[in-house]
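In case you want the letters, here they are:
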2 protein chains.
Amino acid sequence: MIHSAKNQLEESMQHAGRRLTPQRREVLEVLLSQRDHPTAVEVFLRVKSRIPSISLATVYNCLETLVKSGLVRQVNVERDASRYCPNLQEHSHFICEKCGKVFDIPLQPQAKPESVWQIPKGFKLTSFETTMRGTCSHCSK
Amino acid sequence: MIHSAKNQLEESMQHAGRRLTPQRREVLEVLLSQRDHPTAVEVFLRVKSRIPSISLATVYNCLETLVKSGLVRQVNVERDASRYCPNLQEHSHFICEKCGKVFDIPLQPQAKPESVWQIPKGFKLTSFETTMRGTCSHCSK
DNA sequence: CTAGGTGCAAAAGGTTTGCGGTTAA
DNA sequence: TTAACCGCAAACCTTTTGCACCTAG
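Everything numeric in this text was worked out from a predicted model, so none of it was measured. (Residues numbered from 1 in each chain as written. Chains lettered and ligands numbered in written order. Predicted model: local features only at pLDDT ≥ 70, side-chain atom pairs only at ≥ 80, totals over all residues. Heavy atoms only, no water.)

A.B. asks: Where do I start with the protein's contact with DNA strand D in this structure?
C.D. replies: Neighbouring DNA strand D are 18 residues; A:Arg19, A:Thr21, A:Arg24, A:Thr58 and B:Tyr60 lie closest to it. Considering the 4 Å shell around the protein, atoms of DNA strand D inside it are sugar or phosphate in 70% of instances. Between A:Arg79 and DNA strand D, the recorded distance is 3.0 Å, taken from a side-chain N or O atom to a phosphate oxygen. Elements with a minimum of two residues in the surface near DNA strand D: α2 (22–33) and α4 (56–68) of chain A together with α4 (56–68) of chain B. Across the surface near DNA strand D, the residue classes break down as 7 nonpolar, 6 polar and 5 charged. (Near = heavy atom within 4 Å. Polar contact = N/O pair within 3.5 Å; in protein donor to acceptor, adjacent residues only side chain to side chain. Helix = DSSP H or I, 4+ residues; strand = E, 2+ residues; numbered from the N terminus. Nonpolar A, V, L, I, M, F, W, Y, C, P; charged D, E, K, R; others polar.)

This is the structure we're talking about:
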């Protein structure tokens, strides 16, 4: 009861030896409130309406800090601008080739990579990142 | 017997309405002869030793043409420079976090994405691209 | 003859960095 | 007081583009 979400967030940051500044809080707030995988520039524009003095470089810095603190994931698709995602569950991304939207795709509870890939002997897999393409349910109709 | 590899290649290109120029042939040759997923600049340097007059822009153009003709795959990892790969089999990539090398990982014969991901109803998956991280067999020892 | 290619240099696009000034533990 | 952080501008790196010239079909 005593620990609000704000405090938990503050702790997450401090755990990584970083401050929770108004800019960082607002950047995260923007990501949490509209989960459409915005680019750094899109985040910049949204935050700017709340903190008009913020600069793009600061948004990049804040995003980097949030990523390093484990609160945000950076999503790279092709060579386009990076997108940012506050979903901390293990998941992949699906890009609809018709509408361009990015969807989060959760993994199966006990997904076994070996069922999809022939991983050579001796290789130790620690993580994998997948981008899927196709059409979303709305555009498939 | 009559059709040499060269002719098959030429046909692949012409099928896409493109010419097989010395530069394009050499770029592909470089990729085929050393399959270490080089960047465009690395390809440029290797080709330059055979065709000293070639320019980086031409290497980019050749790579793009080869990718569009389906002879080469472009591999994007994070925001690093793109790497190029002449392996046309369906496969993913594994990056060793110790030595940095990129390995091709074949898919299982009849891999079912649904065994790994919870793909929402109505979504039509046409392709997926995966980058794995971990340690290769050599570095795991 | 002309569409497709090449090489060069310049530009574009996304991201990072250096720096002087500011702020919070 | 001092390390972390901000905003600004310049730099950086990869990739693309415009253009004049060239070449194969």
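A.B. asks: Is there a simple way to think about the sheet that holds strand β3 (residues 91–96) of chain A in this case?
C.D. replies: Whenever strands of a sheet pair, they do so through backbone hydrogen bonds, lying parallel or antiparallel. Taken in spatial order, the 6 strands line up as β4(A)-β3(A)-β5(A)-β5(B)-β3(B)-β4(B) in an open sheet, and their pairing is mixed. In this open sheet, the two edge strands, each paired with only one partner strand, are β4 (102–106) of chain A together with β4 (102–106) of chain B. Taken pair by pair, the neighbouring strands of this sheet meet at an average axis angle of 25°, ignoring direction. (Pairing = 2+ DSSP bridges. Axes fitted to C-alpha atoms, helices over the stretch in contact; angles between N-to-C directions.)

A.B. asks: Would you mind going over the side chain of A:Asn76 with me for this structure?
C.D. replies: Residue placement: A:Asn76 occurs in the loop between β1 (73–75) and β2 (83–85). In terms of polar contacts, A:Asn76 uses its side chain to reach the side chain of A:Ser82, at 2.5 Å. Among the polar contacts made by the side chain of A:Asn76, one reaches the side chain of B:Arg79 at a distance of 3.5 Å. Not counting residues up to four positions away in its chain, the partners in contact with A:Asn76 are A:Ser82, A:Glu129, A:Thr131, B:Glu78 and B:Arg79. (Contact = heavy atoms within 4.5 Å.)

A.B. asks: I would appreciate a short explanation of the relation of the copies chain A and chain B in the present structure.
C.D. replies: One chain copy maps onto the other through a rotation about an axis and a shift parallel to that axis. The transformation that overlays chain A on chain B combines an axial shift of 0.0 Å with a rotation of 179°, and the residual RMSD is 0.1 Å. Taken together, the turn and the small shift mark the pair as related by a two-fold rotation axis. When C-alpha positions in chain A are compared against the rotation axis, the closest is assigned to A:Thr130, at 2.2 Å. The share of interface residues of chain A whose copies in chain B are also at the interface is 100%, consistent with both copies meeting through the same surface. (Least-squares fit on C-alpha atoms with pLDDT ≥ 70 in both.)

A.B. asks: Looking at this structure, how should I read the environment of B:Ile51?
C.D. replies: Residue and element names in this part refer to chain B. Within the secondary structure layout, Ile-51 lies in the loop between α3 (40–48) and α4. Among the residues examined, Ile-51 registers a relative accessible area of 16% and is labelled buried. Between the alpha carbons of Ile-51 and Glu-26 there is a distance of 8.3 Å; along the sequence they are 25 residues apart. (Buried < 20%, exposed > 50% of the residue type's maximum accessible area, 1.4 Å probe, protein only.)

A.B. asks: I tried to follow unusual backbone geometry on my own but got confused; where do I start?
C.D. replies: With the exception of glycine, the majority of residues adopt a negative phi angle, and the majority of peptide bonds are in the trans configuration. Located in the positive-phi region is A:His37, a residue other than glycine, with phi close to 55°. With respect to the helices and strands, the residue A:His37 is situated in the loop between α2 and α3 (40–48).

A.B. asks: What am I meant to see in the interface of chain A and chain B here?
C.D. replies: How big an interface is tends to be reported as the loss of accessible area on association of its parts. At the interface, 43 residues of chain A touch 43 residues of chain B. Between chain A and chain B, roughly 3,600 Å² of surface is buried when both sides are summed, and carbon and sulfur atoms account for 54% of that area. At the boundary of chain A and chain B, one finds 0 salt bridges. Here chain A is connected to chain B by 31 residue pairs in polar contact (both at pLDDT 80 or more). Of all the elements in the fold, those that place two or more residues in the side of chain A that touches chain B are β3, β4, β5 (124–135) and α5 (137–140) of chain A. The element best represented in the side of chain A that touches chain B is β5(A), accounting for 12 residues. Among the residues making up the side of chain A that touches chain B, the classes are represented as 17 nonpolar, 16 polar and 10 charged. Here β5(A) runs beside strand β5 (residues 124–135) of chain B; their pairing, made up of 11 bridges, is antiparallel. Bridge pairing in β5(B) places A:Ser127 opposite B:Arg133. (Buried area = accessible area lost by both parts, 1.4 Å probe. Salt bridge = Lys/Arg side-chain N within 4 Å of Asp/Glu carboxyl O.)

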